[in-house]
Amino acid sequence: MLSGRALLIGFTGLLLIGCSQGSEDVQTTNEALHHGDANKVFSFDYYVPVSHGAKLHVIEKFSGSSVHHHRGILALTGTLVTCDQYDVGVDGYNVLDRLAQHGYYAYCATYEGYGDSSRPADGNDVTKDRMLDEMGDIVEWARHLRHIGRMDLFGASLGSAIAFKLGGVGSP
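Read on for a plain summary of the structure.

Things to note about the pairing of strand S3 (residues 71-76)
The element S3 is extensively covered by neighbouring structure, given that five of its six residues are classed as buried. Where S3 meets strand S4 (residues 104-109), five bridges bridge the pair, whose relative direction is parallel. By the bridge assignment, Ile73 is partnered in S4 with Ala106. Between the parallel pair S3 and S4, the chain is carried across by helix H3 (residues 95-101), and the sense of this crossover is right-handed.

Side note on the side chain of Glu60
Mapped onto the secondary structure, Glu60 falls in strand S2 (residues 55-62). Owing to a relative accessible area of 0%, Glu60 belongs among the buried residues under this scheme. Within the structure, Glu60 has its side chain in polar contact with the side chain of Tyr107 (distance 2.8 Å). Those residues in contact with Glu60, other than ones at most four positions away along the chain, are Phe42, Ser43, Phe44, Tyr46, Tyr105, Ala106, Tyr107, Leu145 and Arg146.

Thoughts on the sheet that holds strand S5 (residues 150-155)
The strand order S1-S2-S4-S3-S5 describes an open sheet built from five strands, whose pairing is mixed. Both outer strands of the open sheet, strand S1 (42-49) and S5, are each paired with one neighbouring strand and no more. Strand-to-strand twist in this sheet, taken as the mean axis angle between neighbours without regard to direction, amounts to 25°. Two strands pair when backbone bridges link them, and S1 and S2 are joined in this way by eight bridges, in the antiparallel orientation. The residue of S2 that forms the bridge with Tyr47 is His57. Of the strands in this sheet, S1, S2, S3, S4 and S5 touch helix H4 (residues 128-146), which is tilted by about 40° from S2. The strands touched by helix H5 (residues 158-166) within the sheet are S3 and S5, with S5 carrying the most contacts at an inclination of about 150°.

Considering unusual backbone geometry
Of note, Leu80 is a non-glycine position whose phi angle comes to about 65°, a positive value. Here Leu80 lies in the loop between S3 and H3.

Analysis parameters
- Residues numbered from 1 in each chain as written.
- Predicted model: local features only at pLDDT ≥ 70, side-chain atom pairs only at ≥ 80, totals over all residues.
- Heavy atoms only, no water.
- Buried < 20%, exposed > 50% of the residue type's maximum accessible area, 1.4 Å probe, protein only.
- Helix = DSSP H or I, 4+ residues; strand = E, 2+ residues; numbered from the N terminus.
- Pairing = 2+ DSSP bridges.
- Right-handed = clockwise from strand over helix to strand, strands pointing away.
- Polar contact = N/O pair within 3.5 Å; in protein donor to acceptor, adjacent residues only side chain to side chain.
- Contact = heavy atoms within 4.5 Å.
- Axes fitted to C-alpha atoms, helices over the stretch in contact; angles between N-to-C directions.

Laid out in structure tokens, this is it:
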């Protein structure tokens, strides 16, 4: 279970298109949710268009209890790490699965230039401000996708700095 302070993020006016679940995914999800399987964790991969023309690989996980709590959380990785940091394939150690089982819509985004996310033309273009803008776009995309009113953030290393800045007064 999570403890500590939660950060409320509020952004306005962002429109992101091109990311949705396939009809089979929606049907399977709806069937499981309506048949009372609240502990089953659903997992979806997306390629979300963000500012600066990049597409970031995002993993979403949720369970039946996520639908009732309607809370989201974005796990931000450290430097040189993909979402595998929080989506490890070892039972009991998968952070995103555990968050989903505790009622969160759990997300992790791989930074531009890493893993399955798009590559910039020039690596020097990916600055801290650009990464902050892109993670802000992911927060808004997730809030829009699942109609989440409150999005919590946590991170490791670089991810903790981004989480802190996103929750700050001058956030994107």
